[in-house]
Amino acid sequence: MNIPDSLRYTKDHEWVKLDGNTATIGITDFAQGELGDIVYVEIETVGKTLDADAVFGTVEAVKTVSDLFLPVSGTINEVNPALAGTPELVNSDPYGEGWMIKMTVNNPGDVETLLDAAGYQQMVG
């Protein structure tokens, strides 16, 4: 299982990469493995300002639909356009081409309160 040291993680299996006050967010390798083959990603929250832990979209796999939870508060600016035609990118490259959203973070320091790679590894075993 791939858990990059450069990212922060949530207990709900989202990852965050912070660049200034812009965060890129997706789901972890563990999460995509648990979900199985992803067939659809629905995110209709572009332009909205949401609180941490709010649902920002859903991911649909062959056997289940799972909510996506925002790791930190902020405004969603962009959805990965590639996921509309190739949602399986979340399975094949969850930390790269399979990213889900980019957002402006209200307080970049909030990202530091999330799990680091070691903490996430310990949580998922």
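Residues numbered from 1 in each chain as written. Predicted model: local features only at pLDDT ≥ 70, side-chain atom pairs only at ≥ 80, totals over all residues. Heavy atoms only, no water.

## Side note on the sheet that holds strand β6 (residues 55-61)
Taken in spatial order, the 3 strands of this open sheet run β4-β6-β7, and their pairing is antiparallel. Lying at the two open borders of the sheet, with one neighbouring strand each, are β4 (38-42) and β7 (65-69). Put simply, the sheet's adjacent strands are angled 25° from each other on average, direction ignored. As defined by bridge partners, β6 adjoins β7 across 5 bridges and the pair is classed as antiparallel. The residue of β7 that forms the bridge with E60 is V65. (Pairing = 2+ DSSP bridges. Helix = DSSP H or I, 4+ residues; strand = E, 2+ residues; numbered from the N terminus. Axes fitted to C-alpha atoms, helices over the stretch in contact; angles between N-to-C directions.)

## Observations regarding the packing of aromatic side chains
One pass over the full model with this rule turns up 2 aromatic pairs. Taking 4.9 Å as the distance between ring centres and 20° as the angle between the ring planes, the aromatic pair formed by Y9 and Y120 counts as stacked. Of this pair, Y9 sits in strand β1 (residues 8-9) while Y120 is found in helix α4 (residues 117-124), placing the two residues 111 residues apart along the sequence. Judged by centre distance (5.9 Å) and plane angle (55°), the ring pair of W15 and Y95 falls under tilted. (Phe/Tyr/Trp six-rings, centres within 6.5 Å; stacked < 30°, edge-to-face > 60°.)

## Things to note about the nonpolar core
Formed by 26 residues in total, the largest nonpolar core has its most connected members in F56 and M100. For this core, the secondary structure elements donating two or more residues are β3 (22-27), α1 (29-35), β4, β6, α3 (89-92) and β9 (101-105). Within the second largest apolar cluster, 9 residues are counted, among which are W15, Y95, Y120 and V124. (Core = buried A, V, L, I, M, F, W, Y, C linked by side-chain atoms within 4.5 Å. Buried < 20%, exposed > 50% of the residue type's maximum accessible area, 1.4 Å probe, protein only.)

## Looking at the pattern of salt bridges
Pairs can form between side chains of opposite charge once their charged atoms are near each other. This structure, assessed with the given rule, holds 1 salt bridge. For E112, the salt bridge goes to R8, with nearest N and O atoms at 2.9 Å. Linking E112 in the loop between β9 and α4 with R8 in strand β1, this pair joins segments that are 104 residues apart in sequence. (Salt bridge = Lys/Arg side-chain N within 4 Å of Asp/Glu carboxyl O.)

## Examining the sheet that holds β9
Strand order across the open sheet formed by 6 strands is β1-β2-β3-β9-β8-β5, with antiparallel pairing between neighbours. With partners counted over all chains shown, the strands left at the sheet margins are β1 and β5 (49-50), one partner each. Here β5 pairs with strand β8 (residues 74-79) via 2 bridges, running antiparallel. Residue pairing for β8: L50 is matched across the bridge by G74.

## Some points on a nonpolar patch on the surface
Nonpolar side chains collect at one region of the surface, where V39, Y40 and V62 lie side by side and expose about 290 Å² of accessible area between them. Along the polypeptide, V39 turns up in strand β4. (Patch = residues over 30% accessible without salt bridge, like charges linked within 9 Å, V, L, I, M, F, W, Y side chains within 5 Å. Areas by Shrake-Rupley, 256 points an atom, 1.4 Å probe, with all protein chains shown as cover.)

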